Amino acid sequence: MQFEEVLHVGAPNIGGREEFHRLIDEMFDRRWLTNHGMLVQEFESRLADYLGVKHCITLCNGTTGLELAIRALDLSGEVIVPSFTFIATAHALKWQEITPVFCDIDRCSYTLDPDVVERRITAETTGILGVHLYGRPCEIDRLQSVADRYDLKLLFDAAHAFGCSHGGRMIGNFGRCEVFSFHATKVFNTFEGGAITTNDDQLAQRIRLMLNFGFAEYDKVVYLGTNGKMSEVCAAMGLVNLNELERFIAVNRMNYEQYRVGLESINGLELMPYQTSERCNWQYIVVEVRDAYSKSRDELIDVLHSTGILARRYFWPGCHRMEPYCSLQPDAGQFLPVTDHVAERLLVLPNGTATSSSAINRIIGVLRVAGG
Ligand code: T4K
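Residues numbered from 1 in each chain as written. Predicted model: local features only at pLDDT ≥ 70, side-chain atom pairs only at ≥ 80, totals over all residues. Heavy atoms only, no water.

Trainee: Teacher, can you tell me more about the packing of aromatic side chains here?
Mentor: A ring pair, where both rings are aromatic, is described by two values, the distance of the centres and the angle of the planes. Counting across every chain of the model gives 21 aromatic pairs. These aromatic residues form a ring-pair network of at least three members: Phe84, Phe86, Tyr110, Tyr134, Tyr284, Tyr314 and Phe315. Of note, Arg120 hangs over the ring of Phe335, and the distance from its end group to the ring centre comes to 4.0 Å. Of note, Arg169 hangs over the ring of Phe174, and the distance from its end group to the ring centre comes to 5.6 Å. (Phe/Tyr/Trp six-rings, centres within 6.5 Å; stacked < 30°, edge-to-face > 60°. Lys NZ or Arg CZ within 6 Å of the ring centre and 35° of its normal.)

What follows is the structure, given as structure tokens:
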């Protein structure tokens, strides 16, 4: 079949190419390509200013960031985490022999339900890992009070939430630390990349050492470490994209509004709302396919794919239904009714600067015809 254009969820936002090339030329002249170079240092300082946070530590990707944060916080035993997230959140725990205890989510926010979190705490629990799914913050204050009451460490997977705020404060400032992803598919990308942010001086210092093999100085290693460093090329991409972040977000918001108006008249399709009183990156166009629609979510995905619209089922089927978790914890589903319900019904549509207004009209047209 011939398509006008294949439309992707996660097509990257790309900032000024000339500026990027200039930064790369200068980098070649300096002959300094990685290991906390000048561009990484400038990038970290600009990110910390933007987020209003004391420490911003850039990394090779978000998954390594989660692994480092978990290890630097000395988590062990069990950590409570949603199943309704990208598999990296659970893997980062399991990779370190920590059991992810999958906890159900709130029906509307799709983030950890603090009441259920409390019920899942055991003598083995050492932490809570919340996910600001689709950029909408967790119930941070209630999770913090559960963590305080049970003396647990709270951290956040903020992979989706760059540019978002909670109570007027930028995401990046909450819990013991927060972990961003700057993967190509995110609102703000450095090709591959990520960052850990924290206001805790000691934790920041520990993470900095750990991401560089544990080196405190030449020939002196003080921790078990890894290689989690961001390269200068990635930092250059981050710097040029940071210059255009507000434009990317404005385009996302405009696209969201076009989707909202178009979907209003289609019975059975519900667009996920954002809270307009907070800052928000508007990156995820999340649609719930309700019973009133004439097709199931999976039937609709098939139609969309057959017309070159590569909508995604993020995050079906939930981590608990993927390996190794489905073998290790075959009964996890009994604790996750809301997760199972929404995982069957949500789909994510294309957004970002690569998605034109006519593309959105085309998508809405297909959704309307498929539902009719
Ligand atoms: N926590 C959460 C909650 C996350 O969502 C993620 C990552 C992480 C942690 C881990 O962060 P990182 O370690 O990745 O920094 C993609 C991304 O690879 C992944 O970063 C992201 N979440 C996840 C939600 O999406 P896949 O397996 O769906 O990728 P893939 O290859 O199917 O690509 C997604 C779409 O993007 C496709 O439609 C094609 C399009 N695309 C992709 C790339 C790379 C482009 O158009 N251009 C591109 O350059 O995981």
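Trainee: Could you clarify how one ought to interpret the packing of helix H2 (residues 38–51) against helix H8 (residues 232–243) in this entry?
Mentor: As a packed pair, H2 and H8 sit with axes 8 Å apart at the nearest point and diverge in direction by 35°. Crossing of H2 over H8 shows left-handed handedness. When H2 is examined against H8, the residues Met38, Leu39, Val40, Glu42, Phe43, Arg46 and Leu47 are found in contact with a partner set consisting of Glu232, Ala235, Ala236, Gly238, Leu239, Leu242 and Asn243. Looking at the contact of H2 with H8 residue by residue, the class counts come to 9 nonpolar, 2 polar and 3 charged. (Axes fitted to C-alpha atoms, helices over the stretch in contact; angles between N-to-C directions. Helix = DSSP H or I, 4+ residues; strand = E, 2+ residues; numbered from the N terminus. Left-handed = near helix turned anticlockwise from the far one by under 90°. Contact = heavy atoms within 4.5 Å. Nonpolar A, V, L, I, M, F, W, Y, C, P; charged D, E, K, R; others polar.)

Trainee: Please explain the site of the ligand as it appears in this structure.
Mentor: Around the ligand sit 24 residues, and of these Thr63, Asp157, His160, Ser181 and Tyr314 come closest. Between the ligand and Thr63, the relevant distance is 2.6 Å, taken from an oxygen atom to a side-chain nitrogen or oxygen of the residue. Here an oxygen atom of the ligand and a side-chain polar atom of His183 are 3.3 Å apart. Relative to its unbound accessible area of 930 Å², the ligand is 74% covered by the protein chains. Of all the secondary-structure elements, those providing two or more residues to the shell around the ligand are helix H3 (62–72) and helix H4 (87–94). Class assignment of the residues belonging to the shell around the ligand gives a composition of 9 nonpolar, 12 polar and 3 charged. Both domain 1 (17–243) and domain 2 (244–371) contribute no fewer than three residues apiece to the shell around the ligand. (Near = heavy atom within 4 Å. Polar contact = N/O pair within 3.5 Å; in protein donor to acceptor, adjacent residues only side chain to side chain. Areas by Shrake-Rupley, 256 points an atom, 1.4 Å probe, with all protein chains shown as cover. Domains from an automatic or database assignment.)

Trainee: Where do I start with the nonpolar core in this structure?
Mentor: Nonpolar side chains in soluble globular proteins generally cluster together in the buried interior. Phe84, Tyr110, Tyr134, Phe162, Leu349 and Leu367 are the most contacted members of the largest nonpolar core, which totals 94 residues. Split by domain, the residues of this core number at least three in each of domain 1 (17–243) and domain 2 (244–371). Not counting residues within four places of it along the chain, the set of residues in contact with Leu367 comprises Leu263, Ile266, Leu269, Tyr293, Leu300, Leu304 and Leu349. Of all hydrophobic cores here, the second largest spans 31 residues; its members include Val79, Leu129, Leu155 and Ile196. (Core = buried A, V, L, I, M, F, W, Y, C linked by side-chain atoms within 4.5 Å. Buried < 20%, exposed > 50% of the residue type's maximum accessible area, 1.4 Å probe, protein only.)

Trainee: Looking at this structure, I do not really get a nonpolar patch on the surface. What am I missing?
Mentor: Together, Phe213, Phe215 and Val221 make up an exposed nonpolar region whose accessible area comes to about 250 Å². On the basis of relative accessible area, Phe215 is assigned to the partly exposed category, the value being 34%. (Patch = residues over 30% accessible without salt bridge, like charges linked within 9 Å, V, L, I, M, F, W, Y side chains within 5 Å. Salt bridge = Lys/Arg side-chain N within 4 Å of Asp/Glu carboxyl O.)

Trainee: Can you walk me through the sheet that holds strand S2 (residues 55–59) in this structure?
Mentor: The pairing of strands in a sheet comes from backbone hydrogen bonds and takes either a parallel or an antiparallel form. Strand order in the open sheet formed by 7 strands is S2-S10-S9-S6-S5-S3-S4, with mixed pairing between adjacent strands. Edge strands, defined here as strands with exactly one partner in the open sheet, are S2 and strand S4 (99–103). Direction aside, the axes of adjacent strands within the sheet are offset by 25° on average. Across the sheet, H2 is in contact with S2, strand S9 (177–181) and strand S10 (194–198); its angle to S2 comes to roughly 130°. Contacting strand S3 (78–82), S4, strand S5 (125–131) and strand S6 (153–157), H4 crosses the sheet at an angle of about 145° to S4. (Pairing = 2+ DSSP bridges.)

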